[in-house]
Amino acid sequence: MLNGAGATFPYPIYAKWADAYNKVTGLKLNYQSIGSGGGISQIKAKTVDFGASDAPLTADELDEAGLVQFPLVMGGVVPVVSIDGVAAGQLKLDPAALADVFLGKIQKWNDKKIQELNPDVKLPDTEISVVHRADGSGTTWIFTNYLDKVSPEWHEKVGTGKAVEWPIGIGGKGNEGVAAYVQRVNGSIGYVEFAYALQNAMAHVQLKNKDGHFVAPTIESFQAAAESAGWKSAPGFYMVLTEQPGAGSWPITGASFILVHKEQADPALAKQMLEFFDWCFVHGAPMAKELQYVPMPDAVAELVRGMWRTQIASPAGAPVWQ
Amino acid sequence: MAVASSSRRGDRIYRGVAAAAGIGVALIALGVGVSLVASSWPSIREFGLSFLVTDRWSPVTEQFGALSSVYGTLVSTVIALVLAVPLSLVIALFLVELAPPWLARPVGAAIELLAAVPSIIYGMWGLFVFAPFMAEHVQPALKGALGFLPLFEGPPMGIGMLTAGIILALMVLPFVTAVMRDVFTMVPPVVKEASYGMGSTTWETTRKVTVRYGFSGLIGAVFLGLGRAVGETMAVTFVIGNSHDISVSLNAAGNSIASTLANEFTEASEPMYLSALVELGLVLFLITVIIQVGAQIWIGRTVKRAGGGL
């Protein structure tokens, strides 16, 4: 029996993997999706075997707590809109326009800045209603991290966080809350996880990425962002996948991380745990894609295994993974 | 002699158990208070009294003020009670004094059923059913009729302080009604018969005898509802809009202490953030204590003046 707790964002895929793995090996996994913050504090308190977080810890934070982290799966965050007369996927935004909307500086959909990006779309003279998450969430962390990177003013006024001081807008609880408000209020814009946008058939926008191309959110464009990322040179796997280079990269992509202790009091259990994660890397990709998550590239999985070999050990110092 | 000594022993045991339970409750309440103060100490030291009078709530820069949450808690509770208490009183009186038994029983059961509905259900219903109704019908109508007041400014989004207050009213209504009904049924028939015997009408008997006799019980019912409204988390979180800005408009999004805690507690990993959230909990605890103590003092005075049986 393995116990894990943390991020809600990857919960559906973790549950699916655990179920499939249980059928193969009989190992039971109990994952409580209590939020990234809860996952971090529970692994620090050693009440669970692993924690999960959508926001990576820095190398210093990891060292202080005696933890290591690695990415297990990725996903995308998608701005969604409902504007009368604008079809799904039609609206194009660049980073500056998106940031200005969420800063409250652009207040109408037919604002010059938005209209210039969309010469072929007739935008209505409707007020923009901004919808954000009310609860602290990894999704918000990824989204604000992106705005923080692309907008100096956002960086100055708001910053990155799982909960931030929103300059404008109303808060919905969970993805479902944001989705409900956006679907109902004409002229609204919000952000949800990609799977959620798909399930609810919500109108996503196209975003201009770092290389200057407009891209739509798809599994392929998330994967492109992941492949362009420099995992090798990221100490402690501290890597945020927002605003990555690459012609086809979706700019608001994020990885979900697993946290485990370097020193494993029960090496046998630790080995079982790493075997499960290894199985996820090797066999988990089709299931992940089914649920609109992006599996980790093989090269990253190999880097992770290398880290396991050198960093995770029994109290006597014997490596757990060989 | 044997009988007397065993009954005396029974008395002693009974007294001991009852005293332990009673003191235990007081100790638990004290313990809650002490641990809240201990956990919120970093935040108390950092922000002092400014915590209560600023509305800046910025987890990123770790600037915290409780004002918007306190404001939202008080406003949503007041809306809930203003709507629920008169309605509860009328329903309870109807059930006890006017309704025929074949109607009183199913209506009474329906009210108790409403009390058993979990708050998350009220929240989901509020978000998916009631909020659209508010947006399409109630808020535009209010804006049309009373739009000159700042109370009804802003776009009708269906959510906000007013919607939260109405949902809260629906949630406390069954509690308040059930207690009021029990209070009215406990008014001795003999008192009412005496009133009728003196030639009073039903209305006069209800107003001057039944309501007055059960007055302290009625106040108890109101405070039970108040306690529930002040601390309600889930349902409010879904419909209040969750904004840390203070707005006079009841159509605007706001938040309450309970909704802020429900939203932000799970993801708060930084010590100062967590401490500020616990301090919010402490503020809610103190508000509840002040309301309860104030109510007790007020009831004590009023009952002496008005007279009452229960």
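The shown structure was predicted, so the numbers you read here are calculated from the model rather than taken from an experiment. Residue positions are given per chain, counting from 1 as you read along its sequence in written order. Chain A is the first chain written and ligand 1 is the first ligand written, with later ones labelled in order. Reporting of local features is limited, given that this is a predicted model, to residues whose pLDDT is at least 70; pairs of side-chain atoms are given and counted only at 80 or more, and all residues count toward the totals for whole chains, interfaces and linings. The basis for every side-chain value is the complete set of non-hydrogen atoms in the structure, without hydrogens or water.

Our next topic: the pairing of strand 2 (residues 29-32) of chain A. Residue and element names in this part refer to chain A. Pairing geometry for strand 1 (residues 2-6) and strand 2, over 4 bridges, is parallel. Residue pairing for strand 2: Leu 2 is matched across the bridge by Leu 29. With helix 1 (residues 11-25) bridging strand 1 and its parallel neighbour strand 2, the resulting β-α-β unit is right-handed. Two strands are said to pair when DSSP picks up at least two bridges between them. Numbered from the N terminus, helices here are DSSP runs of H or I no shorter than four residues, and strands are runs of E no shorter than two. Call a crossover right-handed when, viewed with both strands pointing away from you, the route from the first strand across the helix to the second goes clockwise.

We call two residues in contact when some of their heavy atoms are within 4.5 Å. Contact residues are listed per partner, giving 26 residues for chain B and 28 residues for chain A. Taken over both partners, the interface formed by chain B and chain A buries close to 2100 Å², and the fraction arising from carbon and sulfur atoms is 56%. Contact with chain A buries area across many residues of chain B, yet Val 60, Met 157 and Glu 267 of chain B alone supply 29% of it, more than any other trio. Between Lys or Arg on one side and Asp or Glu on the other, a salt bridge is scored when a side-chain nitrogen of the former is within 4 Å of a carboxyl oxygen of the latter. Between chain B and chain A we count 2 salt bridges in total. In this structure, Glu 165 of chain A and Arg 56 of chain B form a salt bridge, with 2.8 Å as the shortest nitrogen-oxygen distance. Two N or O atoms count as a polar contact when they lie within 3.5 Å, although within protein this holds only if one can serve as hydrogen donor and the other as acceptor, and sequence-adjacent residues are included solely when both atoms are side-chain atoms. Taken together, chain B and chain A are joined by 8 residue pairs in polar contact (both at pLDDT 80 or more). Looking at the side of chain B that touches chain A, its residues break down into 15 nonpolar, 8 polar and 3 charged. Accessible surface is computed with a 1.4 Å probe, and the buried area is the amount of it that two parts give up when combined, taken over both parts together. Residues were grouped as follows: Ala, Val, Leu, Ile, Met, Phe, Trp, Tyr, Cys and Pro as nonpolar; Asp, Glu, Lys and Arg as charged; and all remaining residues, including Gly, as polar.

Looking now at the side chain of Ser 69 of chain B. All names here are of chain B. Mapped onto the elements, Ser 69 comes out in helix 3 (residues 67-98). When a residue's accessible area, from a 1.4 Å probe over protein chains only, is under 20% of the maximum for its type it is buried; when over 50% it is exposed; and in between it is partly exposed. What makes Ser 69 buried here is its relative accessible area of 0%. There is a polar contact of 3.2 Å between the side chain of Ser 69 and the side chain of Thr 260. In this structure, Ser 69 is in contact with His 244, Asn 255, Ser 256, Ile 257, Thr 260 and Leu 280, ignoring residues within four places of it in sequence.

This part takes up the sheet that holds strand 10 (residues 206-208) of chain A. Residues and elements named next belong to chain A. Judged by pairing direction, the sheet is mixed, and its 3 strands sit side by side in the order 5-10-11 without closing on themselves. A strand with exactly one partner marks an edge of an open sheet, and here the two such strands are strand 5 (92-93) and strand 11 (214-215). Pairing geometry for strand 10 and strand 11, over 2 bridges, is antiparallel. Along strand 11, the bridge assignment pairs Leu 207 with Val 215.

Inspection of the entire model under this criterion finds 18 salt bridges over all chains. A salt bridge links Asp 100 of chain A to Lys 113 of chain A; its shortest N-O distance comes to 2.9 Å. Pair noted here: Asp 100 of chain A is in helix 4 (residues 95-103) and Lys 113 of chain A is in helix 5 (residues 112-117), with a separation of 13 residues, a long-range link. A relative accessible area of 10% means that Asp 100 of chain A is categorised as buried. The shortest N-O distance in the salt bridge between Arg 181 of chain B and Asp 182 of chain B comes to 3.7 Å. Judged by its relative accessible area of 37%, Asp 182 of chain B falls in the partly exposed class.

Another aspect to go through is the nonpolar core. Residues and elements named next belong to chain A. For the purposes of this section, nonpolar cores are sets of buried Ala, Val, Leu, Ile, Met, Phe, Trp, Tyr and Cys residues that join through side-chain atoms within 4.5 Å. By size, the foremost hydrophobic cluster in this structure holds 169 residues, and its most contacted members are Trp 17 and Phe 102. Other than its neighbours up to four places away in sequence, Trp 17 contacts Leu 72, Val 73, Phe 276, Trp 279, Cys 280, Gly 284, Met 287 and Ala 288. One finds Val 48, Leu 57, Leu 62 and Leu 259 within the second-largest nonpolar core, a separate group that totals 8 residues.

Scored from 0 to 100, pLDDT records how confident the predictor is in each individual residue. Of all residues in chain B, 95% have pLDDT values of 70 or greater, and the mean over the chain is 89. Mean pLDDT values for the elements of chain B range from 86 in helix 12 (residues 271-306) of chain B up to 94 in helix 3 of chain B.

Here we come to the packing of aromatic side chains. Stacked, edge-to-face and tilted are the three classes for Phe, Tyr and Trp ring pairs, Trp counted by its six-membered ring, which pair at centre distances within 6.5 Å; planes under 30 degrees apart are stacked, over 60 edge-to-face, the rest tilted. All told, the structure shown has 28 aromatic pairs over all chains when counted by the stated rule. Ring centres 5.0 Å apart and planes at 85° place the aromatic pair Phe 194 of chain A and Phe 222 of chain A in the edge-to-face group. Of this pair, Phe 194 of chain A sits in helix 9 (residues 194-199) while Phe 222 of chain A sits in helix 10 (residues 219-228); the two residues are 28 residues apart in sequence, bridging distant segments of the chain. The residues Phe 194 of chain A and Phe 222 of chain A share a single accessibility class, namely buried. Ring centres 4.7 Å apart and planes at 65° place the aromatic pair Trp 57 of chain B and Phe 64 of chain B in the edge-to-face group. Assessed through its relative accessible area of 2%, Phe 64 of chain B is described here as buried. The ring of Phe 214 of chain A is capped by Lys 92 of chain A, whose NZ or CZ atom sits 5.3 Å from the centre of that ring. When the NZ atom of lysine or the CZ atom of arginine is within 6 Å of a ring's centre and also within 35 degrees of its normal, the charge is said to sit over that ring.

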